[in-house]
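# Results of the structural survey
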Amino acid sequence: AMKGTPQSWSAYTYQVVIVGAGFLADAYDLFVVDLVMSILHRLHPGGLASADKSLIASATLVGAVAGQVVFGVLGDWIGRRWTFLVTCVLIVLGAFLSGCVVWTEPGSPLTLVTQLALCRFLLGVGVGGE
């Protein structure tokens, strides 16, 4: 609605539901990683060290900070619509790729931890950019 134009309750409720759903999706993506790491630990006991768990968990938060900075500046330069669309793509891509990681043999250059940390970082950039 335009500034100064009254809004109906249904339009207001719709906006609150949409914003709430977006917040829920972001929060879910940020915090589901603890459950995933618990499942991975049960599937591969001793396969994830404490440092690995910390790397996976912090990659999303580091990505969120990077996304806030980068997309805050980009939003001022190229507009909020385009940055919002790019962040949505990053979130979907990061979440999808997080589900596609595979367990590799120890010593492999691209371990599950590395794959998951990179995907979670990408997801974090998108979440932070929103």
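On a predicted model such as this, the values are computed, not experimentally measured, just so you know.

### Observations regarding the confidence of the model for the protein
Summing up the model confidence of the protein, the mean pLDDT is 87 and the portion of residues at 70 or higher is 95%. No element of the protein has a lower mean pLDDT than helix H1 (residues 9-31), which averages 80, and none a higher one than helix H5 (residues 112-129), which averages 94.

### Examining the environment of Tyr-14
For Tyr-14, the position within the fold is in helix H1. Considering only alpha carbons, one finds Tyr-14 and Gly-67, 53 residues apart in sequence, at a separation of 27 Å.

### Details of the nonpolar core
Burial of nonpolar side chains together is a common tendency in soluble globular proteins. With ten residues, the main nonpolar core is built from Val-33, Met-37, Leu-40, Leu-48, Ile-56, Val-101, Leu-112, Val-113, Leu-116 and Cys-119. Of the residues forming this core, the biggest block, four residues, is contributed by H5. Beyond its immediate sequence surroundings of up to four residues, Leu-48 is in contact with Met-37, Leu-40, Lys-53 and Val-113.

### Structural notes on the environment of Phe-121
The residue Phe-121 is located in helix H5 in this model. Distance in space between the C-alpha atoms of Phe-121 and Gly-75 is 20 Å, their sequence separation being 46 residues. What Phe-121 contacts, discounting residues up to four positions off in sequence, is Ala-59, Thr-60, Val-62, Gly-63 and Ala-66.

### Topic: the packing of helix H3 (residues 50-78) against helix H4 (residues 80-98)
Between H3 and H4, whose axes approach to 7 Å, the crossing angle comes to 140 degrees. By the criterion of interaxial angle, the relationship of H3 to H4 is oblique. Touching Phe-71, Gly-72, Leu-74, Gly-75, Asp-76 and Ile-78 of H3 are Arg-80, Trp-82, Thr-83, Val-86, Thr-87 and Leu-90, all from H4. A class-by-class count of the residues in the contact of H3 with H4 yields six nonpolar, four polar and two charged.

### What about helix H2 (residues 33-43)?
Among the residues of H2, those classed as buried are Val-33, Met-37 and Leu-40. Buried residues of H2, seen end-on, are gathered within an arc of 60 degrees and therefore sit on one face of the element. Of the exposed residues in H2, the ones pointing more than 90 degrees away from its buried face are Leu-35 and Arg-42. Of the surrounding secondary structure, the elements contacted by the buried residues of H2 are H1, H3 and H5.

### Considering H1
If you check H1, its first and last C-alpha atoms are 32 Å apart, about what 23 residues at 1.5 Å a residue would give, namely 33 Å. Residues Asp-26, Ala-27 and Asp-29 constitute the buried set of H1. Looking at the buried positions of H1, the neighbouring elements they touch are H4 and H5.

Calculation rules
Residues numbered from 1 in each chain as written. Predicted model: local features only at pLDDT ≥ 70, side-chain atom pairs only at ≥ 80, totals over all residues. Heavy atoms only, no water. pLDDT = per-residue confidence, 0-100. Helix = DSSP H or I, 4+ residues; strand = E, 2+ residues; numbered from the N terminus. Core = buried A, V, L, I, M, F, W, Y, C linked by side-chain atoms within 4.5 Å. Buried < 20%, exposed > 50% of the residue type's maximum accessible area, 1.4 Å probe, protein only. Contact = heavy atoms within 4.5 Å. Axes fitted to C-alpha atoms, helices over the stretch in contact; angles between N-to-C directions. Parallel < 35°, antiparallel > 145°, perpendicular 65-115°, else oblique. Nonpolar A, V, L, I, M, F, W, Y, C, P; charged D, E, K, R; others polar. Arc of directions from axis to C-beta. Expected span 1.5 Å × (residues − 1).

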